[in-house]
Amino acid sequence: MLQVARLAPRLLGESAELVREFLLRQFNDDGGCRDRDGNSDLYYTVFGCDGLLALQAELPVARLEHYLRAFGGGDGLDFVHLCCLARGWAALINAGSGVRATLDPLARAEILRRIEGFRSHDGGYHPGSGGATGTAYGGFLALGAYQDLQSPMPDPLRLAESVKALETPDGAWANDRIVKLGSTNATAAAIALSRALGRPVGSAAGDWLLARAHPEGGFRAAPQAPLPDLLSTATSLHALSGLQVSCAPVKESCLDFIDTLWTNEGGFHGHWSDDALDCEYTFYGLLALGHLSL
């Protein structure tokens, strides 16, 4: 994702500097990025870091390192924030700022041990520990964390089988086995997981995602969703690119949609009814523009 997001300045032009300034403003004094209430949060920090890296801008490394070290091996963090801690360290270590940040090997091992505590009985990962079955989102985050910490995932075949079980009769994927209708972001996550795990993905998945395109631009989160959103748009474009499905039929309408979410403050809104700006949707704006620049 980050590699493609780096192409966004092709379309942003001089406005890329506004995005950089916006993202830098999201870092609090403690080194974390602010959530929608203004509080530092590991989740938003990941998107702030990746957004700056996509723009090839320097991170506030000293503050960020101080912030990440305070979490140690992730004691007390939930599954999502554990994975974000791993991603934060990967961003810091690979920032190319000349600062040699290192994650303590004991803390690294502890983060991975805690992530394994969320492994479900079917071999996937679930945000709630002790789950019977995994979710597409959980598997996507867990695999990303192992990649970020440069460690092989134990028994990846079982994760692949867990993801396979999330396929729905309509040619997509659901986030949970109890749901029998596909959703856009679960499908995009499952496609990314399947490709990373060497599993084939049928052409029906690409057709299903393209059918989620809204007539006025962007992609919807589910067949019944009335409006498009930036998250679903970015993940759909990313998944379709991975499947080598052309986005040409929706390119111009998607560009128009993204333009309606842009603000000269440097951030992107998440959808037409969203009044706030944050790091998360701003990164998804960069990811979507990166794909549309190709």
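Before going into details, it helps to say that this report is about the structure given with it. (Residues numbered from 1 in each chain as written. Predicted model: local features only at pLDDT ≥ 70, side-chain atom pairs only at ≥ 80, totals over all residues. Heavy atoms only, no water.)

The next point concerns helix α10 (residues 184-196). The terminal C-alpha atoms of α10, which comprises 13 residues, lie 18 Å apart, in line with the 18 Å expected from a rise of 1.5 Å per residue. In the core, the buried residues of α10 are packed alongside α8 (136-148), α9 (156-164), α11 (203-210), β1 (219-220) and α12 (230-242). Looking at the residues trailing α10, positive phi occurs at Gly198, about 75°. (Helix = DSSP H or I, 4+ residues; strand = E, 2+ residues; numbered from the N terminus. Expected span 1.5 Å × (residues − 1). Contact = heavy atoms within 4.5 Å.)

There is a patch of nonpolar side chains on the surface, built from Ile178, Val179 and Leu181 and spanning about 320 Å² of accessible area. Among the structural elements, Val179 can be located in the loop between α9 and α10. In this structure Val179 comes out as partly exposed when scored by relative accessible area, which is 39%. (Patch = residues over 30% accessible without salt bridge, like charges linked within 9 Å, V, L, I, M, F, W, Y side chains within 5 Å. Areas by Shrake-Rupley, 256 points an atom, 1.4 Å probe, with all protein chains shown as cover. Salt bridge = Lys/Arg side-chain N within 4 Å of Asp/Glu carboxyl O. Buried < 20%, exposed > 50% of the residue type's maximum accessible area, 1.4 Å probe, protein only.)

Between α12 and helix α14 (residues 279-292), the shortest axis-to-axis distance is 8 Å and the interhelical angle comes to 35°. Regarding α12 and α14, the two cross each other, and that crossing is left-handed. Contact residues: α12 offers Leu230, Leu231, Ala234, Leu237, His238 and Ser241, while α14 offers Tyr281, Tyr284, Gly285, Leu287, Ala288, His291 and Leu292. Tallied by class, residues from the contact of α12 with α14 come to 9 nonpolar, 4 polar and no charged. (Axes fitted to C-alpha atoms, helices over the stretch in contact; angles between N-to-C directions. Left-handed = near helix turned anticlockwise from the far one by under 90°. Nonpolar A, V, L, I, M, F, W, Y, C, P; charged D, E, K, R; others polar.)

By volume, the largest pocket is sized at about 1200 Å³. For the lining of the largest pocket, the secondary structure elements donating two or more residues are α1 (2-5), α4 (42-54), α6 (79-93), α8, α10, α12 and α14. Broken down by class, the residue content of the lining of the largest pocket amounts to 28 nonpolar, 12 polar and 6 charged. Lining the second largest pocket are 15 residues, with Lys164, Glu167, Trp173, Ser194 and Pro200 positioned closest to its centre. (1 Å grid on protein atoms, 1.4 Å probe; cavity = no way out; pocket = protein on both sides within 12 Å on 5 of 7 lines; lining within 4 Å. Points joined across faces, edges and corners; volume = space filled by probe spheres on them.)

The next point concerns the packing of α8 against α10. Packing of α8 against α10 leaves a shortest axis separation of 9 Å and a crossing angle of 45°. Between α8 and α10, the angle falls in the class oblique. Crossing geometry of α8 relative to α10 is assigned as left-handed. Of α10, the residues touching α8 (which contributes Ala136, Gly139, Phe140 and Leu143) are Ala186, Ala189, Ala192, Leu193 and Ala196. (Parallel < 35°, antiparallel > 145°, perpendicular 65-115°, else oblique.)

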